[in-house]
Amino acid sequence: MIQLKNRHEIDKIRESGKVLAECLLTLDEVIRPGITTYDVDRIAHEFITSHGGIPSCLGYCGYPNATCTSVNDVVIHGIPSKHLVLNEGDIISVDICVTLDGFVSDSTRTYEVGKVSPEVHKLNVVTRECLYRGIDAARKRNARISDIASAVFKHAFSENGYGVVRDYTGHGVGFDLHEEPEVPNYVSPLIPNPRLKPGMVLAVEPMINMGTWKIRTMKDGWTVKTADGRPACHWEHTIAITDDGVEVLTEL
Ligand code: MF3
Ligand code: CO
């Protein structure tokens with residue numbers, strides 16, 4: 001069942017999203033060659049708790065940290081590590097969920113560490129554009145979930161030849177971290193395709209690979225890498241469908 005949110009509830013999710021947006025902005029200042037993914041996680045964790053929030057990934061299905069830190073060919077769910085030092089030319093996707101006063105927001109961005117190659121920079125730019133194409137598709141009158149999916153897919157694959165991850169999707173969010181509906185980044189007749197309705201709150205999150213869309217999960221049970229070892233980017237916002245259109249709740 002899709003749980004619709006009223007105006008007050010959307011405003012509460014936005015408050016949570018504001019802490020999350022500020023946290024991601026703070027990380028932009030600290031992600032530099034030489035920092036470990038452990039320290040990135042520690043700084044985010046400290047930021048969230050000092051602003052009254054709870055890092056909702058920590059303990060979710062046994063996940064061990066406040067953030068997912070996914071470097072280079074890691075698509076999602078990279079576990080922070082004291083042994084993983086970021087180098088010039090790396091990319092790192094930091095995926096964070098914040099619960100504030102019981103309301104959950106979810107956002108991700110991919111950071112470039114120092115100067116990255118033009119190919120990797122383009123992948124990152126296009127992935128961010130995919131996120132905003134998806135959000136814009138949701139503004140259309142009578143839009144459905146598949147309009148978000150096809151806008152992302154068109155820009156990533158049809159226009160740029162990138163692989164679009166299929167095994168993980170966006171999702172409803174707000175009362176819980178993962179709610180209905182699924183928000184895929186490709187169109188499939190097998191996935192429910194409801195019309196977007198005022199009160200829906202969705203995590204839109206393109207996961208885009210430079211090469212193949214295929215992924216594999218490492219033995220730790222979490223880390224998801226591209227099957228071909230080429231890099232991947234991930235951008236995510238929590239959005240609300242309202243009577244007037246779409247509000248992005250994880251943007252300042
Ligand atoms: N933020 C992730 C998402 O978009 C959730 C990560 S769950 C965790 O669905 F357990 F891996 F943290
Ligand atoms: Co999400």
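Residues numbered from 1 in each chain as written. Chains lettered and ligands numbered in written order. Predicted model: local features only at pLDDT ≥ 70, side-chain atom pairs only at ≥ 80, totals over all residues. Heavy atoms only, no water.

J.: What's the story with the coordination of the cobalt ion (ligand 2) in this structure? I'm lost.
T.: The textbook angles at a metal center are 109.5 degrees for a tetrahedron of four donors and 90 or 180 degrees for an octahedron of six. Binding of the cobalt ion (ligand 2) to the protein goes through Asp106 (OD), His171 (NE2), Glu205 (OE) and Glu236 (OE), at separations of 2.1 to 2.2 Å. Here the donor residues for the cobalt ion (ligand 2) map to a single chain with the spacing D-x64-H-x33-E-x30-E. Linking Asp106 in strand β5 (residues 103-112) with Glu236 in the loop between β13 (232-234) and β14 (237-242), this pair joins segments that are 130 residues apart in sequence. (Donors = N, O, S within 2.8 Å, 3.2 Å for Na, K, Ca; no water. Helix = DSSP H or I, 4+ residues; strand = E, 2+ residues; numbered from the N terminus.)

J.: When you look at the site of ligand 1 in this model, what are you seeing that I'm missing?
T.: Every one of the 13 residues lining ligand 1 counts as a neighbour, but Cys57, Asp95, Asp106, His178 and Glu205 are closest to it. In this structure, His171 approaches ligand 1 through a side-chain N or O atom, which is 3.3 Å from an oxygen atom. Between ligand 1 and Glu236 there is a distance of 3.3 Å, counted from an oxygen atom to a side-chain nitrogen or oxygen. Here ligand 1, which alone exposes 340 Å², has 96% of that area covered by the protein. In terms of residue class, the shell around ligand 1 is built from six nonpolar, three polar and four charged. (Near = heavy atom within 4 Å. Polar contact = N/O pair within 3.5 Å; in protein donor to acceptor, adjacent residues only side chain to side chain. Areas by Shrake-Rupley, 256 points an atom, 1.4 Å probe, with all protein chains shown as cover. Nonpolar A, V, L, I, M, F, W, Y, C, P; charged D, E, K, R; others polar.)

J.: Mind showing me how you'd approach the sheet that holds strand β8 (residues 179-183) here?
T.: Hydrogen bonds along the backbone pair up the strands of a sheet, which may run parallel or antiparallel. Within the open sheet, the five strands sit side by side as β8-β7-β9-β14-β15. Their pairing is antiparallel. The open sheet is flanked by β8 and β15 (245-248), the only strands paired with a single partner. Pairwise comparison of adjacent strand axes, ignoring direction, gives a mean angle of 25° for this sheet. Taken together, the two bridges between strand β7 (residues 170-172) and strand β9 (residues 201-204) define a ladder with antiparallel strand orientation. Bridged to His171 within β9 is Ala203. This element, helix α1 (residues 7-30), spans β9, β14 and β15 of the sheet and lies at about 160° to β14. (Pairing = 2+ DSSP bridges. Axes fitted to C-alpha atoms, helices over the stretch in contact; angles between N-to-C directions. Contact = heavy atoms within 4.5 Å.)

J.: How should I be thinking about the nonpolar core in this particular structure?
T.: One recurring pattern in soluble globular proteins is that nonpolar side chains are buried together. By size, the foremost hydrophobic cluster in this structure holds 20 residues, and its most contacted members are Leu27, Ile31, Leu86, Ile92, Val94, Ile96 and Tyr111. Among the nonpolar cores identified, the runner-up in size contains 16 residues, and Leu131, Ala138, Leu196 and Ile241 belong to it. (Core = buried A, V, L, I, M, F, W, Y, C linked by side-chain atoms within 4.5 Å. Buried < 20%, exposed > 50% of the residue type's maximum accessible area, 1.4 Å probe, protein only.)

J.: For this particular structure, what's the right way to read the packing of α1 against helix α2 (residues 37-50)?
T.: Axis angle and axis distance: for two packed helices, these are the angle between their axes and the distance between the axes, and together they describe the pair. Two elements in contact, α1 and α2, have axes whose closest approach is 10 Å; the angle formed by their N-to-C orientations is 145°. Handedness of the α1/α2 crossing: right-handed. Contacts between α1 and α2 involve Val19, Glu22, Cys23, Thr26, Leu27 and Val30 from the former and Val40, Ile43, Ala44, Phe47 and Ile48 from the latter. When grouped by side-chain class, the residues that make up the contact of α1 with α2 number nine nonpolar, one polar and one charged. (Left-handed = near helix turned anticlockwise from the far one by under 90°.)

J.: So what exactly am I meant to see when it comes to the sheet that holds strand β11 (residues 215-217) here?
T.: The sheet built from three strands is open, its strands ordered β3-β12-β11 with antiparallel pairing. Each edge of the open sheet carries a strand with a single partner, namely β3 (74-76) and β11. Neighbour-to-neighbour, the strand axes of this sheet turn through a mean angle of 40°, independent of strand direction.

J.: What exactly am I supposed to notice about the pattern of salt bridges here?
T.: Where side chains of opposite charge bring their charged atoms close, a pairing between them can arise. Taken as a whole and judged by the stated rule, the model has 14 salt bridges. Its salt-bridge partner being Glu159, residue Lys154 comes within 3.2 Å of it at the nearest N-O pair. By relative accessible area, Lys154 is classed as partly exposed at 47%. In the salt-bridge network here, residues are joined through shared partners; they are Arg7, Asp11, Arg14 and Glu247. (Salt bridge = Lys/Arg side-chain N within 4 Å of Asp/Glu carboxyl O.)

J.: What is the right way to look at the environment of Ile91 in this model?
T.: Checked against the element boundaries, Ile91 lands in strand β4 (residues 91-100). On the basis of relative accessible area, Ile91 is assigned to the buried category, the value being 1%.

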